[in-house]
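# Fold and contact review
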Amino acid sequence: DVKRVKDYIYWLYYQYLLITCSYVLEPWEQSMFHTITVTVFAMVVYTAYVFVPIHIRLAFEFFSQIFGGQPESTV
């Protein structure tokens, strides 16, 4: 099972290299490209983690007011 998981991870990495065409880059270019890609992905995940729940709550409050929900008490 460990070998299958290792092969699957290698296959995913190979697919990533093919999709991004980064297999044609030199090693230093690859490391820079991977660093930038991981940084951008981390920023997107962090932003989604912080802001999506807030927007979902606001949308829920908005639609509950439109469809006749009870307003929250301000006391």
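Residues numbered from 1 in each chain as written. Predicted model: local features only at pLDDT ≥ 70, side-chain atom pairs only at ≥ 80, totals over all residues. Heavy atoms only, no water.

### Digging into helix α1 (residues 2–20)
It helps to recall that an α-helix has 3.6 residues per turn; residues three or four apart then point in one direction. Our working rule: Each helix is a run of DSSP H or I of at least 4 residues and each strand a run of E of at least 2, with the numbering of both proceeding from the N terminus. By this rule the span expected of a helix is its residue count minus one, scaled by 1.5 Å.
A rise of 1.5 Å per residue sets the reference length of α1, with its 19 residues, at 27 Å; its end C-alpha atoms lie 27 Å apart and thus fit the reference within 8%. Immediately beyond the C-terminal end of α1, within one or two residues, lies Cys21, with a positive phi of roughly 60 degrees.

### Observations concerning the UniProt feature "transmembrane region" (unreviewed entry) in the protein
Let me state the cut-off plainly: UniProt positions are given in the numbering used here, feature names are shortened, and annotations may be inferred rather than shown by experiment.
Residues annotated by UniProt as "transmembrane region" (unreviewed entry) correspond here to residues 7–25 and 31–52. In residues 7–25, helix accounts for 74% and strand for 0%; the two terminal C-alpha atoms are 23 Å from one another. Helix makes up 100% of residues 31–52 and strand makes up 0%, while its end C-alpha atoms are separated by 31 Å.

### Describing helix α2 (residues 27–66)
This is how the line gets drawn: Bend, at a single residue, is the angle you get between axes fitted to the 7 residues ending at that residue and the 7 residues starting at it.
The terminal C-alpha atoms of α2, which comprises 40 residues, lie 56 Å apart, in line with the 58 Å expected from a rise of 1.5 Å per residue. In the structure, α2 departs most strongly from a straight axis at Phe51, where the bend amounts to approximately 35 degrees and where the proline Pro53 lies between one and four residues downstream. Of the residues trailing α2, Gly68 is marked for its positive phi of about 85 degrees.

### What about the packing of aromatic side chains?
Spelled out, the test is: Pairing of aromatic rings covers Phe, Tyr and the six-membered ring of Trp, with a centre-to-centre limit of 6.5 Å; geometry is then stacked below 30 degrees between planes, edge-to-face above 60, and tilted otherwise. Classification of residues uses two cut-offs on accessible area relative to the type maximum, computed with a 1.4 Å probe and protein chains only: under 20% is buried, over 50% is exposed, and between them is partly exposed.
This structure, assessed with the given rule, holds four aromatic pairs. Summarising the aromatic geometry, the rings of Tyr8 and Trp11 are spaced 6.0 Å apart at their centres and angled 25 degrees between planes, so their arrangement reads as stacked. Residue Tyr8 and its partner Trp11 are located together in helix α1, separated by three residues, close to a single helical turn. For Tyr8, a relative accessible area of 48% gives the class partly exposed. A relative accessible area of 44% places Trp11 in the partly exposed class. When the ring of Phe63 is compared with that of Phe67, the centres are 6.4 Å apart and the planes differ by 20 degrees; the resulting orientation is stacked. Under the relative-accessibility criterion, Phe67 is labelled exposed at 69%.

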